[in-house]
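# Inside the fold
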Amino acid sequence: MTEPRKITIARGDGIGPEIMDATLKILKAGGANLEIEEIEIGEKVYLKGIENGMEPGAFESLRKTGIFLKAPITTPQGGGYKSLNVTTRKAFGLYANVRPCISYRPFIRTKHPDMDVVVIRENEEDLYAGIEHRQTDQVYQCLKLFSRPGCEKIIRYAFEYAKEYDRKKVSCFVKDNIMKLTDGLFHEVFNEVAKEYPEIETDSWIIDIGAARLADTPQMFDVLVMPNLYGDILSDIAAQIAGSVGLAGSANIGEHLAMFEAIHGSAPDIAGKNIANPSGLLLAAVMMLVHIHQVEEAATIHNAWLRTIEKGIHTGDIFEQGISKERVNTDTFAEAIIQHLGEKPHELKEVHYYEPKKIVARHDESTKHVKELVGVDVFVDWKDVSPNEIGEKLSKITAGDLKLKVITNRGIKVYPEGLPETFCTDHWRCRFWQDEWKKLDKNLIWQLLKNVNEAGFDTIKTENLYTFDGKLGFSEVHG
Ligand code: NAD
């Protein structure tokens, strides 16, 4: 017998301990060869004043084992607590969130009997960088950050995943008709990477219509890859319309750690009652077994689970008169799965797992671009002022050939020649550049800011305007 694989587990809060116990029992009976280290995370740790919710030593265990099976935790109400998931994802670079969403008709009620999609969500970037500012009385901002390596890693992961799991199509969801630089980058990288996988079909969707089609006709999709925020929302929708969020597991994959968990929370309303469905955590554990190369055990357990579901042995959350046969609690559901180990589903599709290749989502860092400074956006706080008043005052302020060309308010042009109907806040973006986007000496920006300050303006931030190989690296002002 080979050495057991060391893994780290956390029992979490609410129903966490119950579903973890059930899961570990099934893993053991299914022959998983594991050596388990347990860490404490969640509510109790938060309430001890540890703001990331993980006991000291937890990171060492995760670093050592590289595998984390995590039950849901309760995030205490009130401010100051950092999301443990976000901390773990970022600290360990868990860049890919993988969530299979499958329907189990006719054994679990679903509007979409043929649904079988995998949502692959970018996990580190986008609006989740957590860089937010209040800039004026009225206006708050959150920075949406996309990087080329970040996009390339997740998109390549999606294609490699499709190849590895014999999936036929990868779909990209973005909103690049509006966010031409950030979402535009994601789409551009998708098109570039897709060329390397000619055997895989691809398509791209604007997120709103793509989401509508996913909710309506999920069978037209296979693997979906998308930025963090869209993926966060759509992966829950996909899991719910497949049948129940209580059934889906997910993997968070990085180069040094992989974390596996159910997608639902700690369900405090049913905690301690032994009625929770352990399927989400169990299916996450099956993904873990595949990841650590215990593929036969993964298939045995998954097929026993499918057979149990097929026989109508259901926990309360999925129990339905006319479909289900026996209503069971957490423990008896686990027992039923154990009794079906070695059996295959008769009607649902049997699963097979193969020795996984390590998916290496490489990214190319070699390209260098010629970057030139060509202008600056100066953001100014001023309440109860008209666009013309602020525009005329600022037009008098220059530095060399650097001149005010346009002012926008929440992205809409208001000077020169704005519309009188446009509602304006106290947050003005004032764009300065030299004619024909001539290359700019940075000292002129310092000079300009000094002049703007001396004229009594409240400058809240600046954003330099660059070109890259002659192409504008910022959104243009229209209207
Ligand atoms: P939830 O997913 O815990 O519960 C939503 C509803 O689904 C509840 O009615 C619950 O009883 C039911 N439910 C969830 N899982 C179930 C299961 N396995 N079996 C049967 N029924 C189940 O969502 P919530 O109530 O919004 O959140 C509760 C807590 O969980 C919060 O503190 C939240 O922050 C936390 N949370 C943690 C994670 C995580 O650790 N990954 C994820 C989501 C929410």
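Starting from 1, residues in each chain are numbered consecutively following that chain's sequence as written. Since the coordinates come from a predicted model, pLDDT governs what is reported: local features require at least 70, and pairs of side-chain atoms require 80 or more to be given and counted, while whole-chain, interface and lining totals use all residues. Each side-chain value is worked out from all heavy atoms of the structure, with water and hydrogens disregarded.

One recurring pattern in soluble globular proteins is that nonpolar side chains are buried together. Among the buried residues, those of types Ala, Val, Leu, Ile, Met, Phe, Trp, Tyr and Cys that are joined through side-chain atoms within 4.5 Å form a nonpolar core. Relative accessibility under 20% of the residue-type maximum defines a buried residue, over 50% an exposed one, and the middle range a partly exposed one, all with a 1.4 Å probe and only protein chains included. Formed by 80 residues in total, the largest nonpolar core has its most connected members in Leu27, Leu69, Ile120, Ile155, Tyr157, Phe260 and Trp305. Should any heavy atoms of two residues lie within 4.5 Å, those residues are counted as being in contact. Apart from residues lying up to four places away in sequence, Phe260 is in contact with Ile67, Phe68, Leu69, Lys70, Ser250, Ala251, Ile253, Ala284, Met287, Met288 and His291. In terms of nonpolar packing, the next biggest core, distinct from the first, is built from 25 residues, Leu373, Val376, Val414 and Leu449 among them.

On to the packing of helix H10 (residues 295–310) against helix H11 (residues 330–339), then. Angles here are taken between N-to-C directions and fall from 0 to 180 degrees, while the axes themselves are lines fitted to C-alpha atoms, restricted in helices to the stretch in contact. Helix numbers and strand numbers start at the N terminus; a helix is a DSSP run of H or I with at least 4 residues, a strand a run of E with at least 2. Interhelical geometry of H10 versus H11 gives an angle of 115° and a closest axis separation of 8 Å. The hand of the H10/H11 crossing is right-handed. Residues Ile301, Ala304, Trp305, Thr308 and Ile309 of H10 touch H11, and the partners they reach there are Phe333, Ala336 and Ile337. Polar here means any residue outside two lists: the nonpolar Ala, Val, Leu, Ile, Met, Phe, Trp, Tyr, Cys and Pro, and the charged Asp, Glu, Lys and Arg; Gly therefore counts as polar. Broken down by class, the residue content of the contact of H10 with H11 amounts to 7 nonpolar, 1 polar and no charged. Crossings are sorted by hand: turned counterclockwise from the far helix by less than a right angle, the near helix makes the crossing left-handed, and turned clockwise it makes it right-handed.

Another aspect to go through is the domain arrangement of the protein. Think of interface size as the accessible area that goes away when the parts come together; that is how it is often given. Domain delimitation in this document rests on an assignment produced automatically or drawn from a domain database. When its domains are assigned, the protein resolves into domain 1 (1–83 + 254–346) and domain 2 (371–472). A straight line from the C-alpha centre of domain 1 to that of domain 2 covers 54 Å.

Pairing between strands is defined by DSSP: at least two bridges between the two strands are required. Both strand S1 (residues 5–10) and strand S2 (residues 34–38) contribute to a ladder of 5 bridges, which runs parallel. When the bridges of S2 are listed, Ile7 appears paired with Ile36. With helix H1 (residues 16–29) bridging S1 and its parallel neighbour S2, the resulting β-α-β unit is right-handed. Taken together, the 3 bridges between S1 and strand S3 (residues 67–70) define a ladder with parallel strand orientation. Here the term right-handed applies to a crossover when the path leading from its first strand over the helix to its second strand runs clockwise, the strands being oriented away from the viewer.

Salt bridges, as used here, are contacts in which a Lys or Arg side-chain nitrogen is within 4 Å of a carboxyl oxygen on Asp or Glu. In this structure the tally under the stated criterion is 30 salt bridges. Here Lys70 makes a salt bridge to Glu261, at a shortest N to O gap of 2.8 Å. Taken together, the residues span a long stretch of sequence, with Lys70 in strand S3 and Glu261 in strand S12 (residues 258–262) at a distance of 191 residues. Here Lys383 makes a salt bridge to Asp137, at a shortest N to O gap of 2.6 Å. Residue Lys383 is located in the loop between strand S15 (371–381) and helix H12 (387–395), and its partner Asp137 is located in the loop between strand S6 (132–134) and strand S7 (140–142); the two are separated by 246 residues in the primary sequence. A relative accessible area of 38% means that Lys383 is categorised as partly exposed. When salt bridges with common partners are traced through the structure, they connect Arg11, Asp21 and Glu38 into a single cluster.

Pairing within the open sheet is antiparallel, and its 6 strands lie in the order S17-S16-S18-S15-S19-S20. Of all strands in the sheet, those bounded by a partner on one side alone are strand S17 (412–415) and strand S20 (471–472). Relative to strand S18 (residues 427–433), S15 is paired through 7 bridges, and the arrangement is antiparallel. Residue Asp381 lies in a different strand from S18, and its bridge partner there is His427. Lying over the sheet, helix H13 (residues 442–454) contacts S15, S18 and strand S19 (458–468), oriented at roughly 10° with respect to S15.

So, about the pairing of S12. Across the 5 residues of S12, 5 count as buried, placing the element largely inside the fold. Here S12 shows two buried faces, one formed by Ala258, Phe260 and Ala262 and the other by Met259 and Glu261. Where S3 meets S12, 4 bridges bridge the pair, whose relative direction is parallel. Bridge pairing links Ile67 to Ala258 in S12. With 5 bridges joining them, strand S11 (residues 249–253) and S12 adopt antiparallel strand pairing. The residue of S12 that forms the bridge with Ile253 is Ala258.

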